Amino acid sequence: LSQLPGWSAQPDGSIVIATGNDDALGVYTCTPYNSYGTAGESRPTRVLLKDPPAFTVRPKEEYFQEVGRELVIPCAAHGDPPPAVTWLKVGSAGKSGARVDGNGSLVLRPLVKEQHGLWECTAANPVASVSAATSVHVLGTSPHAVTNISVLPLLLAANISWEPGFDGGYFQRFSVWYTPLVKHPPRAHHDWVSLSVPVGAQHLLVENLQPDVSYQFSVLAQNKLGSGPFSQIVTSVPRGKRGPVCSPKQPPKLSPHPPSAPTPASPFSSGFPVTTVPPEPPAMTVHVFLSPPQALTANETARGVLLRWEPPAQFSVALSGYALELRQDKGGWEVLDRSIPSTKTQVLVPGLIKDAFYEFRLVAFAGSYISDPSNTVNVSTAGMEVYPSRTQLPELLPQPVLAGVIGGICFLSVAVIFSTVAACIMNRRRAARIRKRRQGRSWPAGS
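Conventions and cut-offs
Residues numbered from 1 in each chain as written. Predicted model: local features only at pLDDT ≥ 70, side-chain atom pairs only at ≥ 80, totals over all residues. Heavy atoms only, no water. Phe/Tyr/Trp six-rings, centres within 6.5 Å; stacked < 30°, edge-to-face > 60°. Helix = DSSP H or I, 4+ residues; strand = E, 2+ residues; numbered from the N terminus. Buried < 20%, exposed > 50% of the residue type's maximum accessible area, 1.4 Å probe, protein only. Core = buried A, V, L, I, M, F, W, Y, C linked by side-chain atoms within 4.5 Å. Contact = heavy atoms within 4.5 Å. pLDDT = per-residue confidence, 0-100. Disulfide = S-S within 2.5 Å. Pairing = 2+ DSSP bridges. Salt bridge = Lys/Arg side-chain N within 4 Å of Asp/Glu carboxyl O.

In the nomenclature of an unreviewed UniProt entry, the protein is known as TUTLA protein of Lophotis ruficrista.

(A) View of the packing of aromatic side chains. Applying the stated criterion across every chain, the model contains nine aromatic pairs. With 6.2 Å between their ring centres and 50° between their planes, tyrosine 178 and tyrosine 215 make a pair best called tilted. Of the two residues, tyrosine 178 sits in strand S16 (residues 173–181) while tyrosine 215 sits in strand S19 (residues 214–223), which places them 37 residues apart along the sequence. A residue is classified by how much of its surface remains accessible, and tyrosine 215, at 5% relative accessible area, is buried. Site record: aromatic cluster; members linked through ring pairs are Tyr178, Tyr215 and Phe217.

(B) Region of the structure containing the nonpolar core. Counting 21 residues, the largest nonpolar core has Leu307, Leu324 and Phe360 as its most contacted members. Taken together, the elements giving at least two residues each to this core come down to strand S24 (305–310), strand S25 (321–328), strand S27 (346–349), strand S28 (357–366) and strand S30 (377–380). Examining the composition of this core, we find that five residues originate from one element, S28, more than from any other. Not counting residues within four places of it along the chain, the set of residues in contact with leucine 324 comprises Leu307, Glu334, Val335, Leu336, Asp337, Ile340, Val347, Val349, Phe360, Arg361 and Leu362. Core analysis: the second largest hydrophobic core is formed by 20 residues, Val151, Val176, Leu209 and Ala221 among them.

(C) Looking closely at the environment of tryptophan 119. With respect to the element layout, tryptophan 119 can be found in strand S12 (residues 117–124). You can call tryptophan 119 buried: its relative accessible area is 1%. If we ignore the near neighbours within four places in the chain, the residues touching tryptophan 119 are Trp87, Leu88, Lys89, Ser96, Ala98, Leu106, Leu108, Ala132, Ala133, Thr134 and Val136.

(D) Structural view of the confidence of the model for the protein. The predicted model of the protein averages 79 in pLDDT, with 79% of residues at 70 or higher. Considering only residues more than four positions removed or in separate chains, one finds that residues 243–276, a stretch of pLDDT under 50, has 56 contacts. Contacts of residues 387–397 to residues separated by more than four positions or lying in other chains number 18 contacts, the stretch itself having pLDDT below 50.

(E) Examining the state of the cysteines more closely. In the structure shown here, the tally under the stated rule is one disulfide. The side chain of cysteine 75 participates in a disulfide bridge whose partner is cysteine 121; the two sulfur atoms lie 2.0 Å from each other. Disulfide cysteine 75-cysteine 121: torsion about the S-S bond near -85°, hence left-handed. Note that cysteine 75 is positioned in the loop between strand S7 (71–73) and strand S8 (76–80) and cysteine 121 in strand S12, a separation of 46 residues in sequence. The exposure classification of cysteine 75 matches that of cysteine 121, with both residues buried.

(F) View of the sheet that holds strand S11 (residues 106–108). Taken in spatial order, the three strands of this open sheet run S7-S11-S10, and their pairing is antiparallel. Across the chains shown, the open sheet's two edge strands, defined by having one partner strand only, are S7 and strand S10 (99–100). Alignment of S7 against S11, held across three bridges, turns out to be antiparallel. When the sheet's bridge partners are listed, leucine 71 is paired in S11 with leucine 108.

(G) Broad picture of the pattern of salt bridges. A full pass over the atoms with the stated rule returns four salt bridges. The salt bridge partner of aspartate 80 is lysine 50, with a shortest N-O separation of 4.0 Å. Of this pair, aspartate 80 sits in strand S8 while lysine 50 sits in the loop between strand S4 (45–47) and strand S5 (51–57); the two residues are 30 residues apart in sequence, bridging distant segments of the chain. Classification of aspartate 80 as partly exposed rests on a relative accessible area of 31%. Across the pair glutamate 70 and arginine 109 runs a salt bridge whose closest N-O atoms are separated by 2.2 Å. Placement of glutamate 70 in the loop between strand S6 (62–66) and S7 and of arginine 109 in the loop between S11 and S12 is noted, with a sequence separation of 39 residues between them. The exposure class of glutamate 70 is partly exposed, given its relative accessible area of 37%.

(H) Unusual backbone geometry, seen in detail. With an omega dihedral of 0°, the bond running from aspartate 80 to proline 81 counts as a cis peptide bond. Summarising the element assignment, proline 81 is placed in the loop between S8 and strand S9 (84–89). The linkage connecting arginine 109 with the following residue, proline 110, adopts the cis geometry, with an omega of -10°. Phi is positive for aspartate 212, which is not a glycine, with a value near 60°. Summarising the element assignment, aspartate 212 is placed in the loop between strand S18 (203–206) and S19. On the basis of relative accessible area, aspartate 212 is assigned to the partly exposed category, the value being 38%. Not every positive phi belongs to a glycine, and alanine 295 is a case in point at roughly 50°. Turning to its location among the elements, alanine 295 is positioned in strand S23 (residues 294–300).

In C-alpha cells:
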C-alpha cells in the first residue's frame, strides 16, 4: 500500500482509498491472521467506479410567464448509473400541480399564482445528488403577501416596516391596518383602521395611538387586479410618557394563524380579546381618489409614435406623474417609462420594431394613489419605417432613400469616369489630326 499514493490500511483491517481512479478497479480479498496462523481469505469483492450526476442542461436563474399559460423549464443530467431528475417547489408541502416530462423538464400547464416562487431541480443516482434552483415569476396576478413585518414602538406611535412581496407584474400599493385590543369592547368584533402608504415606501409611521394599549398591525398589498393576502399580525404596545410598557427584550408576538380569511375575536386571554386576522377590506372603504388619464391617442410622426392624452378628470391631491406601459403582439404588459412628469400631456416613443403590433396605456400617480389604466391605443408598424431608439445611433436616411442616394452617386461616378475617358480620347484624336496637318504643310516646302 505504501507504493500507492492516497491508500492506507486502518487498524480494523479496512482499506481507505482517498481518490478513486482506475488503479482502484479490480477484485479484492482480505486474509486475517495472528500468531497461530489464518483461517483463510475472505470471499472476493469487486470494486467498480461510478460517475456522480452532472448537469448537461441547467435551468436559468429566473423565468417570467403570464398566468394561465404554459411554462417549460429544462433540466437534464448524466452519470453512471443514469440519474433520476426530480423537481420540488421550495417551501411547499402540498401538491404543486406540476409534472416532469421524459427529458427532465418541469412543465407548468396552466401556470397558476401558487406556482410562483423558488423551484429546485435535483439529479440523483446511488453515487451522489446535485441540485440547481430557479425562480418562477407568475405575471398577471394579484400581489403576494408582504414579509418580515416588524413594529417599532414609539412615543404614542409605532413605525411599521416590511419587505414587499412579488407585485404580480403590476404596480402595487400598500395599506397598514391596525386595531386596539381593549378589555371591554363595545362590540364582538374590532374595528380595523387602514392607512394608505405613499408610493414606493416600505414603512409607515402610525401616530396618535393610546399609551398602555396593545395594538395589532397588518399590511395589505393591492394592485389593479385586486388585493393580496394580509401579512402576519404583529402585536405591540406604544410607549407612554412613563416609558415603555413592555421589556425591550420581548419581541413582537406573531399570530400563529395564517391570514387566510377574516375570523371573529378569539376567547379572552388575560382579559384581552385577540383577533387572528384583519377582516377583508369592506367595499365602502374603497373610494376613487384618482381617475385614469383620458383620451389617449397615437399619431405617426417622422421621429416615432407620438402619444397624447388629457389629465385625469378627478384627483383629490396634486398629480405626481405618469407611467407608460406597453405590450407587443399580445404579450405581457411592461413598464416603458415610469417617470413622466405630471406637467406633460404627450410623449414620443421611438425604437419600434417593424411589422409588429403594439398596445399602449397610461396610469397616473397622485400622492399615495395610483389610477386605473387609461384607454388602450393600438399601433401597427406594418409598412412603417423603423424608428431608431434614443440609445442607438440614428440612421441618416431611411433605407429606401439611402439606397437611392447610393445608386445615384454610383451612376454619377460612372458617368464622370466615362466622360473623362471620352474627353481624353477626343483630345488625343484632335492632337493627332493637328500633327498630320502640320506635317502635310512642311513636305512641299522641303521638296
